[in-house]
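Coordinate inspection notes
Okay, here's what each chain looks like letter by letter:
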Amino acid sequence: MNTLEQIRQHRLVPVIKLDDSSKAAPLAEALCEGGLPVAEVTFRTEAARASIEAMAKQYPHMLVGAGSLTNSEQARQAVDAGARFLVSAGFSRQVTEYALDNGVPVFPGICTPTELMLLVEYGLAIAKFFPAEQYGGLNTIKALSAPFPGMSFMPTGGISPKNIADYLSFSKIIACGGSWMVKDALIQSDAFGKIKALTEEAVALVQKEA
């Protein structure tokens, strides 16, 4: 099963910010035991690369990606650390071109038709829609999908147990990004049992909507 098929299967990608790479392995364990062996580790902290490396090495069956990338150097570091897919909050030519040149799946962030046109120019068919709720949520995605029938979406930003079913009900959405099961406070307090429980609940919720 390739990366895209795995994301489609899981339907939910935990979006993670780690300030301490020593928490990466127990967090990965909690996600895997909770039934969701996938993670997007954001490059918002100095611990991002080491966290990706720890997850990828200790849990090789887990699908680990890198998010919030802003340039090709970050993309290279992420892939060298073991990231199997790349995500950017907005459209970055550097990140996109690095990914395409190296055969790594990439999901650039967009929120306008103009940005979607850039994805079309690069031959990409999946966009991260971010920040989803702030830019009109599902209604905006449906409006954008009309002139871009070949485009699918991975909305992130404001996704929660309250609205994820609505998003996943639309056929153009392959998965959603979410962070409610991996909140900073839970990670910082080593509440990995709680993270596992929330992950199990999230998995049950998205599978119910399959």
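Going by the structure above, here's the rest.
In this text the structure is predicted, and so the values were computed from the model without any measurement. Every chain's residues receive numbers from 1 upward, in the order its sequence appears when written. At least 70 in pLDDT is required for a residue's local features to be given in this predicted model, at least 80 for side-chain atom pairs to be given and counted, and no such filter applies to totals for whole chains, interfaces and linings, which use all residues. Side-chain descriptors were evaluated using all non-hydrogen atoms of the structure, hydrogens and water having been removed beforehand.

**Notes on the pattern of salt bridges**
Defined as follows: Whenever Lys or Arg places a side-chain nitrogen within 4 Å of a carboxyl oxygen from Asp or Glu, that contact is recorded as a salt bridge. Where helices and strands are cited, they refer to DSSP runs of H or I of at least four residues and of E of at least two residues respectively, numbered from the N terminus. Under the scheme applied here, a residue whose accessible area is under 20% of the maximum for its type counts as buried, over 50% as exposed, and between as partly exposed, the area being computed with a 1.4 Å probe on protein chains only.
Inspection of the entire model under this criterion finds 8 salt bridges. Measuring nitrogen to oxygen at the nearest pair gives 2.5 Å for the salt bridge that ties Lys 23 to Asp 190. Taken together, the residues Lys 23 in the loop between β1 (12–16) and α2 (24–33) and Asp 190 in the loop between α9 (184–188) and α10 (192–208) connect sequence positions 167 residues apart. The shortest N-O distance in the salt bridge between Asp 80 and Arg 76 comes to 2.7 Å. Here the residue Asp 80 and the residue Arg 76 both occupy positions in helix α4 (residues 72–81), the gap between them amounting to 4 residues, near one helical turn. The partly exposed category is assigned to Arg 76, whose relative accessible area is 31%. Connected via shared salt-bridge partners are Lys 17, Asp 19 and Asp 184.

**Here we look at helix α6 (residues 113–121)**
How we decide: Taken from the helix axis, the directions to the C-beta atoms give the arc we talk about. By definition, residues are in contact when any of their heavy atoms lie within 4.5 Å.
Within α6, burial applies to Leu 116, Leu 118 and Leu 119. Across the axial projection of α6, the buried residues extend over an arc of 150 degrees, all falling on one side. Those residues of α6 that are exposed and aimed more than 90 degrees away from the buried face are Thr 114 and Glu 121. Buried-residue contacts for α6 involve α5 (93–101), β6 (109–110), β7 (126–129), α7 (137–145) and β8 (152–155).

**Examining the sheet that holds β8**
Let me state the cut-off plainly: Strands are labelled as partners when DSSP assigns at least two bridges between them.
Spatially, β6-β7-β8 is the arrangement adopted by the 3 strands of the open sheet, whose pairing is parallel. Each end of this open sheet is capped by a strand with a single partner; those strands are β6 and β8. For β7 and β8, the ladder comprises 4 bridges, and the chain directions are parallel. In the sheet register, Phe 129 faces β8, and the bridge partner there is Pro 155.

**Describing the environment of Pro 131**
With respect to the helices and strands, Pro 131 occurs in the loop between β7 and α7. For Pro 131, a relative accessible area of 19% translates into the label buried. Expressed as a C-alpha distance, the spacing of Pro 131 and Cys 111, which sit 20 residues apart in the sequence, is 7.6 Å. Not counting the four nearest positions on each side in its chain, Pro 131 is found in contact with Thr 156 and Gly 157.

**Let's talk about the nonpolar core**
Keep this limit in mind: The nonpolar core is taken to be a set of buried Ala, Val, Leu, Ile, Met, Phe, Trp, Tyr and Cys residues, with the residues joined through side-chain atoms within 4.5 Å.
Counting residues in each nonpolar core, the largest one holds 80 residues, and the members touching the most others are Leu 27, Met 55, Leu 86 and Phe 153. Counting residues per element, this core draws most heavily on α2, which supplies 7 residues. In contact with Met 55, other than residues within four places in its own chain, are Ile 16, Leu 18, Ala 24, Leu 27, Ala 28, Ala 39, Val 41, Pro 60 and Val 64.

**Quick word on the side chain of Ser 88**
What counts is decided by this rule: Throughout this description, a polar contact denotes any pair of N or O atoms lying within 3.5 Å of each other; where both atoms belong to protein, one of them has to be capable of donating a hydrogen while the other can accept it, and for residues adjacent in sequence the pair is counted only when both atoms sit in side chains.
Of note, Ser 88 is situated in the loop between β4 (86–87) and α5. Within polar-contact distance, the side chain of Ser 88 engages the backbone oxygen of Gly 90 at 2.7 Å. Apart from residues lying up to four places away in sequence, Ser 88 is in contact with Ser 68, Leu 69, Phe 107, Pro 108, Gly 109 and Lys 128.

**Some points on the state of the cysteines**
Heads up, the rule is: Our working definition of a disulfide is a cysteine sulfur pair at a distance within 2.5 Å.
Across all of its chains, the model carries 0 disulfides by this definition. Here Cys 111 stays unpaired: no disulfide links it, and the sulfur of Cys 176, its closest cysteine neighbor, is 17 Å away. Of the residues examined, Cys 111 reaches a relative accessible area of 17% and is grouped as buried.

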